[in-house]
Amino acid sequence: MKFKRQRSQEVGVDLTPLIDVVFLLLIFFMVSTTFTRESHLKVELPEANGDVVEAEVRQIDVVINAQGQYSLNERALVNNRLETLERAVRELSEGDSSLPFIITADANTPHQFVVRAMDVAGRLGFAKLSITTERISEER
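Since the model is a prediction, treat every value here as computed from it, not as a measurement.

**Examining the packing of aromatic side chains**
Here comes step 1: Evaluated as defined, the whole model comprises 3 aromatic pairs.
Here comes step 2: Pairing Tyr70 with Phe113 gives two aromatic rings, centres 6.3 Å apart and planes at 70°, and the pair type is edge-to-face. Of this pair, Tyr70 sits in strand β2 (residues 70-72) while Phe113 sits in helix α3 (residues 111-123), and the two are 43 residues apart along the sequence.
Here comes step 3: Residue class for Tyr70 comes out buried when judged on its relative accessible area of 1%.
Here comes step 4: Relative to Phe126, the ring of Phe101 has its centre 5.1 Å away and its plane inclined at 45°; by these criteria the two rings are tilted.

Following this line, the structure appears as structure tokens:
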């Protein structure tokens, strides 16, 4: 009996899946990489003699003492009611809600008065709200 010999197929590596994976990785890295443009220009600024002028930074500074009395930009309010505080902040800001709104309260101030000041800031649309604190000393 004579059997026909089967032709042996060439043994090789199919590169198509490998190329697909490499292209997918290339696309992934191209999309996820951020390129920053840095200009490395050497600039020598001109010199001038003159007085340093400090720019006046407008802000709303609310100070609350231990008894709950409010003070806006170093001007004490008549009483500590919500309406009085809101009216004073509205007049001081002149409708500009982009001003920084800083609350400085005594450590013994009741929580209600701080929340009231934060509520007024929220009602009038202030987004830059800060509460000042004191750094803890290392001696304790």
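**Re the layout of surface pockets**
Here comes step 1: The space that makes up the largest pocket amounts to roughly 170 Å³.
Here comes step 2: In this structure, the largest pocket is lined by Leu72, Arg75, Ala76, Leu77, Val78, Thr84, Arg87, Ala88, Glu91 and Leu92.
Here comes step 3: Of all the elements in the fold, those that place two or more residues in the lining of the largest pocket are β3 (75-76) and α2 (82-93).
Here comes step 4: It is α2 that contributes the most residues to the lining of the largest pocket, 5 residues altogether.
Here comes step 5: In terms of residue class, the lining of the largest pocket is built from 6 nonpolar, 1 polar and 3 charged.

**Focus on unusual backbone geometry**
Here comes step 1: Phi is positive for Asn73, close to 45°, though the residue is something other than glycine.
Here comes step 2: Counting through the fold element by element, Asn73 comes out in the loop between β2 and β3.
Here comes step 3: Residues other than glycine seldom take positive phi values, yet Glu94 does so here, at roughly 55°.
Here comes step 4: In this structure, Glu94 sits in the loop between α2 and β4 (101-105).

Parameters at a glance
- Residues numbered from 1 in each chain as written.
- Predicted model: local features only at pLDDT ≥ 70, side-chain atom pairs only at ≥ 80, totals over all residues.
- Heavy atoms only, no water.
- Phe/Tyr/Trp six-rings, centres within 6.5 Å; stacked < 30°, edge-to-face > 60°.
- Helix = DSSP H or I, 4+ residues; strand = E, 2+ residues; numbered from the N terminus.
- Buried < 20%, exposed > 50% of the residue type's maximum accessible area, 1.4 Å probe, protein only.
- 1 Å grid on protein atoms, 1.4 Å probe; cavity = no way out; pocket = protein on both sides within 12 Å on 5 of 7 lines; lining within 4 Å.
- Points joined across faces, edges and corners; volume = space filled by probe spheres on them.
- Nonpolar A, V, L, I, M, F, W, Y, C, P; charged D, E, K, R; others polar.

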